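Observations on the three-dimensional arrangement
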Number of protein chains: 2
Amino acid sequence: MIPKSGPRIREMHITPIAIVDPPLLNAAGLHAPYALRTIVELVTDDGISGISEIPGTTAIDAALALARNLLIGRDVFQLNQIRRVLENHFGTDSAAERGLSPWDQRKLVHIFSAIEVACMDIIGKVTNRPVVDLLGGKMRDAVPFSAYLFYKYEGAGGPLEFGTEPNARGWPAARQAAALDPVGIVAQAKAMCHEFGFQSIKLKGGVFEPQQEVDAMFALHREFGPDRSAGAVPLRIDPNALWTVETAIHYGKQMEPILEYLEDPVRGQANMAEVRKALKTPLATNMCTTSFEDIPNSIAIGAEDIILSDHHFWGGLRASMTLTGICATFGRGLSMHSNSHLGISLAAMVHLGAALPHLPYALDTHYPWQSDEVIVGGRLRFENGAVAVPTEPGLGVELDRDALAALHQNYLACGLTKRDDEIEMQKVQPGWTFQAVRW
Amino acid sequence: MIPKSGPRIREMHITPIAIVDPPLLNAAGLHAPYALRTIVELVTDDGISGISEIPGTTAIDAALALARNLLIGRDVFQLNQIRRVLENHFGTDSAAERGLSPWDQRKLVHIFSAIEVACMDIIGKVTNRPVVDLLGGKMRDAVPFSAYLFYKYEGAGGPLEFGTEPNARGWPAARQAAALDPVGIVAQAKAMCHEFGFQSIKLKGGVFEPQQEVDAMFALHREFGPDRSAGAVPLRIDPNALWTVETAIHYGKQMEPILEYLEDPVRGQANMAEVRKALKTPLATNMCTTSFEDIPNSIAIGAEDIILSDHHFWGGLRASMTLTGICATFGRGLSMHSNSHLGISLAAMVHLGAALPHLPYALDTHYPWQSDEVIVGGRLRFENGAVAVPTEPGLGVELDRDALAALHQNYLACGLTKRDDEIEMQKVQPGWTFQAVRW
């Protein structure tokens, strides 16, 4: 049998959804009651469906719609060509397009990630292999994640009247509760680790004055640190680039004995390099080195030790494998960044995480903070802080079309068009403004 | 259908072969009448066969035999795990193991390349896709190669009585003829370009005093250069690291107006970096930066512009794609190195070459200097200097078992156990010795 071509894309469905998101605080402000995601479904001429999930904005949804005509009729295996076609149409992303927010706003990487993951899902289905096997096969049967702690206001997100009934109501009190000080953070950590079995902890900082956040880290250390009979839990903090170099070195030195790594303490590669020279603690980033274009200077000046990859922002799963190879070649570590997301993104992250030759750091995920789901069978489960690698062909998750419709209704009803944590914060603290460097 | 595992390796056949090789001169001496290759065949529990070809030595054949027990029973999709198992058993290669020869002598990369390519052949067959589609799909339908010119003695290689009847007897006179001066090299170039349609030319240098080789390049330039009505043919020369920095800069400057790139003029990254600063011509290497471990220093000091990859030496096809990503990230070009080889290696090179996002330089191949073949249907064809990308599942080439048996008989009869161009040269020029740097 001579294959003239692989399965071709016949349909492309782009569905923006809004998912209930709790009032989480971060350097950019406050999470809105809904987070936006976009679900992409490709259907082949044989009726095989492949899906993906990316951060949602009307700008990227519009670009995806423009991409449709470029994609219909193409063989899902020809991802190198698809990438080229999209590059030719949309241009390559510039560093400036990323923006100053903790999240990435570049167009091409989002679009290509959406298409690539959906195509890999189809390729997995037609070849009867899980996606991890398309990346060289799995190095582990389950992928560990960290407890992702947030300062937050009380609640589980949403005005719930928009339709879906989130599981949030079943959340333990400590996850529903406000966490605005070290005591609240420790309570949240205990609840998260108890419920999901996490064995690493990350605090999203950049919310309060550094001393308060450092106090929270020491409080976590007392609770989860080396004196703990169950074993020490690695700790990280991410001030989202809001600290000055001086602040980062001052508090970084205090935390040297208790941190696994320090994530984006300062803004920009040059500042990261300066902090890195001053501290023994490894530095990680998803804000200062965020694209292949950023890597040469990162290597040249020694900006960080660990890249927090994100297949949504680095242009898909194969590109993330290339990034892993670059990190291995240059003695850098690799772990994974996340935004609020559902199970399609989580499944893709798990397949990728399973294929990484080395996984010294538990990956980030916001997933426990979500309560909606868009996949058949509902929410994916964590066991001992890890998610089992799906063994079904493709991503191993399927669209729940009723849930998709309901979450799309949420999107239409909520009126949000992009993530803007500053506006949400101003509703609570009038006059609050985002500052790229605050302390 | 839930796939519990992919096809598992049931059998592994390692067959050393000797192929007729012409008396080609190079920095290391003279090609023996036979070149050694090793053909690896993996057979799955379903009886599906995958094949690969690597440079042959008894040392690597023995290591492959040791690897057999580690491989039997493994799922061919689990290449990340297979790599790890081989690393754990054989250790990672050290730079010293590469040796000073123009060819690479490291163990792990050879073994893993042999296994990976054979597994990719199987994966392609079970998924009904050509290997290129496992690398993201093809960017071009045919892959261009350069005319690879050699100083040589008269003849097409072999004592022919060893069995196979090479096509060599059908060679045009100019390819059979000796080429020991610029006139001979130009005649060879015309014959090669006429016969195969090549549109780039490389001269293997490091044989004669630099002035003679530079004269040959200028003679080629007069014949194929910008005044040519059919269009200029890019020219390269490879002195195989035999020149001093002073010599390389002196002759490099002379050749600046006529060279596409200068390959390995000097030995070692530091010397390459010095030459690179002095010349406008891009430098290429397959001798100074030959592994992922070599890359950080190459980048740090600017040792070269173009890496000549070789999937046999870089650990397979996916690793070569990673190398491409590294080169793209750091603004380096990528092309391909070759040794004497048959059609299995050529097919793998073509699949890889087809998947490369950019292919600004025609690839190297010794293939026109071989006359034997081990694949069904005989020797692969060049059209306009390019080889069409196979569209059949897997590599698209199958073992000719009669040819394999005959070439294995050649191996047994010829008595060679490894490549040693110095000994061959001494048969012609008694007392000749290899020098790492000669002029």
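Residues numbered from 1 in each chain as written. Chains lettered and ligands numbered in written order. Predicted model: local features only at pLDDT ≥ 70, side-chain atom pairs only at ≥ 80, totals over all residues. Heavy atoms only, no water.

On to the overall build of chain A, then. The helix and strand inventory of chain A stands at 15 helices and 14 strands. Against the compact-globule benchmark of 22 Å for 439 residues, chain A has a radius of gyration of 21 Å, which places it among compact chains. Structurally, chain A occupies a C-alpha span of about 65 × 50 × 45 Å along its principal axes. Looking at chain A as a whole, 63% of its 439 residues are labelled buried. Within chain A, contacts between residues separated by at least 24 positions form 74% of all contacts whose residues are at least 6 apart in sequence. Of the accessible surface of chain A, which amounts to about 15000 Å², a share of 52% is contributed by carbon and sulfur atoms. Computed over 38 positive and 50 negative side-chain charges, the separation of the two mean positions in chain A equals 4 Å. (Helix = DSSP H or I, 4+ residues; strand = E, 2+ residues; numbered from the N terminus. Rg over C-alpha atoms; globule rule 2.2 N^0.38 Å. Buried < 20%, exposed > 50% of the residue type's maximum accessible area, 1.4 Å probe, protein only. Contact = heavy atoms within 4.5 Å. Areas by Shrake-Rupley, 256 points an atom, 1.4 Å probe, with all protein chains shown as cover. Lys, Arg positive; Asp, Glu negative; His and termini not counted. Charge placed at Lys NZ, Arg CZ, Asp CG, Glu CD.)

We now examine the packing of aromatic side chains. Any pair of aromatic rings gets described here by the distance separating the centres and the angle formed by the planes. Tallied over the entire structure, the rule returns 25 aromatic pairs over all chains. Relative to Trp369 of chain A, the ring of Phe150 of chain A lies with its centre 6.2 Å away and its plane at 90 degrees, an arrangement referred to as edge-to-face. Of this pair, Phe150 of chain A sits in strand 7 (residues 147-150) while Trp369 of chain A sits in the loop between helix 13 (343-355) and strand 14 (386-388), and the two are 219 residues apart along the sequence. For the pair shown, Phe150 of chain A and Trp369 of chain A are each scored as buried. On the basis of an interplanar angle of 85 degrees and a centroid distance of 4.7 Å, the ring pair of Tyr151 of chain B and Phe208 of chain B is categorised as edge-to-face. (Phe/Tyr/Trp six-rings, centres within 6.5 Å; stacked < 30°, edge-to-face > 60°.)

Two copies of one chain are present, and they are related through a rotation about an axis combined with an axial shift. You can overlay chain B on chain A at an RMSD of 0.0 Å; the transform is a turn of 180 degrees with a shift of 0.0 Å along its axis. When the rotation and shift are considered jointly, the pair of chain copies conforms to a two-fold rotation axis. In this assembly the copies share their binding face: 100% of the residues contributing to the interface of chain B also contribute to that of chain A. (Least-squares fit on C-alpha atoms with pLDDT ≥ 70 in both.)

Moving on to helix 3 (residues 107-127) of chain B. Residue and element names in this part refer to chain B. Spanning 21 residues, helix 3 covers 30 Å between terminal C-alpha atoms, matching the ideal 30 Å at 1.5 Å per step. Within helix 3, 18 of the 21 residues are buried, leaving the element largely enclosed by the surrounding structure. Directly beyond the C-terminal end of helix 3, a positive phi value near 65 degrees is found at Asn128. (Expected span 1.5 Å × (residues − 1).)

Every contact between the two is made by 40 residues of chain B and, on the other side, 40 residues of chain A. Carbon and sulfur atoms make up 55% of the surface buried where chain B meets chain A, a total of about 3300 Å² over both sides. The interface formed by chain B and chain A contains two salt bridges. Across the pair Asp75 of chain A and Arg129 of chain B runs a salt bridge, and its minimum N-O distance is 3.6 Å. (Buried area = accessible area lost by both parts, 1.4 Å probe. Salt bridge = Lys/Arg side-chain N within 4 Å of Asp/Glu carboxyl O.)

Attention now moves to the packing of helix 12 (residues 317-329) of chain A against helix 13 of chain A. Residues and elements named next belong to chain A. One can describe the packing of helix 12 onto helix 13 by two numbers: an axis separation of 11 Å at closest approach and a directional angle of 35 degrees. Viewed along their axes, helix 12 and helix 13 form a crossing whose handedness is right-handed. Contacts between helix 12 and helix 13 pair Leu317, Ser320 and Met321 from the former with Ala348, Leu352 and Ala355 from the latter. Classifying every residue of the contact of helix 12 with helix 13 gives five nonpolar, one polar and no charged. (Axes fitted to C-alpha atoms, helices over the stretch in contact; angles between N-to-C directions. Left-handed = near helix turned anticlockwise from the far one by under 90°. Nonpolar A, V, L, I, M, F, W, Y, C, P; charged D, E, K, R; others polar.)

This part is about the packing of helix 1 (residues 58-71) of chain B against helix 3 of chain B. All names here are of chain B. Helix 3 packs onto helix 1 with a crossing angle of 55 degrees between their chain directions and a minimal axis gap of 10 Å. Here helix 1 is positioned oblique relative to helix 3, judged by the angle of their axes. The crossing of helix 1 and helix 3 is right-handed. Together, Ile60, Ala63, Leu64, Ala67 and Leu71 of helix 1 and Lys107, His110, Ile111, Ala114 and Ile115 of helix 3 make up the contact between the two elements. (Parallel < 35°, antiparallel > 145°, perpendicular 65-115°, else oblique.)

Attention shifts here to the pairing of strand 7 of chain A. All names here are of chain A. Residues Ala147 and Leu149 point to one face of strand 7 and Tyr148 and Phe150 to the other, with burial holding for every one of them. Bridge count for strand 7 against strand 8 (residues 201-204) is four bridges, and the pairing is parallel. Across the sheet, residue Tyr148 finds its bridge partner in strand 8, namely Lys202. (Pairing = 2+ DSSP bridges.)

Residues and elements named next belong to chain B. Of the two faces of strand 8 (residues 201-204), the one lined by Ile201 and Leu203 and the one lined by Lys202 and Lys204 are each fully buried. Strand direction decides the pairing type here: strand 8 and strand 9 (residues 235-238), joined by four bridges, are parallel. From the neighbouring strand, Ile201 faces strand 9, where its bridge partner is Leu235.

Turning next to the domain arrangement of chain A. How big an interface is tends to be stated in terms of accessible area lost as the parts join. Residue and element names in this part refer to chain A. Annotation of chain A at the domain level lists domain 1 (9-128 + 402-413) and domain 2 (134-395). A straight line from the C-alpha centre of domain 1 to that of domain 2 covers 22 Å. Buried area between domain 1 and domain 2, both sides added, is near 4200 Å², and the carbon and sulfur share of it is 66%. On the domain 1 side of the contact with domain 2, Val20, Leu25 and Glu53 bury the most area, a combined 16% of that side's loss. In this structure, the connection of domain 1 to domain 2 is made through zero salt bridges. (Domains from an automatic or database assignment.)

Residue and element names in this part refer to chain B. Mapping Val437 onto the fold places it in the segment after helix 15 (421-428). Judged by its relative accessible area of 39%, Val437 is partly exposed. Val437 has contacts with Ala241, Leu242, Trp243, Thr244 and Arg267, leaving out every residue within four places of it along the chain.

The subject of this paragraph is the sheet that holds strand 8 of chain A. Residues and elements named next belong to chain A. Taken in spatial order, the seven strands make up an open sheet running 7-8-9-10-11-12-13, and their pairing is parallel. In the strand order of this sheet, the two ends are held by strand 7 and strand 13 (333-336), each with one partner. The average angle at which neighbouring strand axes cross in this sheet is 25 degrees, direction not considered. Across the sheet, helix 6 (residues 182-196) touches strand 7 and strand 8, and the angle it forms with strand 7 is around 150 degrees. Set on the sheet, helix 12 makes contact with strand 12 (306-309) and strand 13; between it and strand 13 the angle comes to about 145 degrees.

The subject of this paragraph is unusual backbone geometry. All names here are of chain A. Located in the positive-phi region is Ala241, a residue other than glycine, with phi close to 70 degrees. Relative to the assigned elements, Ala241 resides in the loop between strand 9 (235-238) and helix 8 (245-255). The exposure class of Ala241 is buried, given its relative accessible area of 1%.

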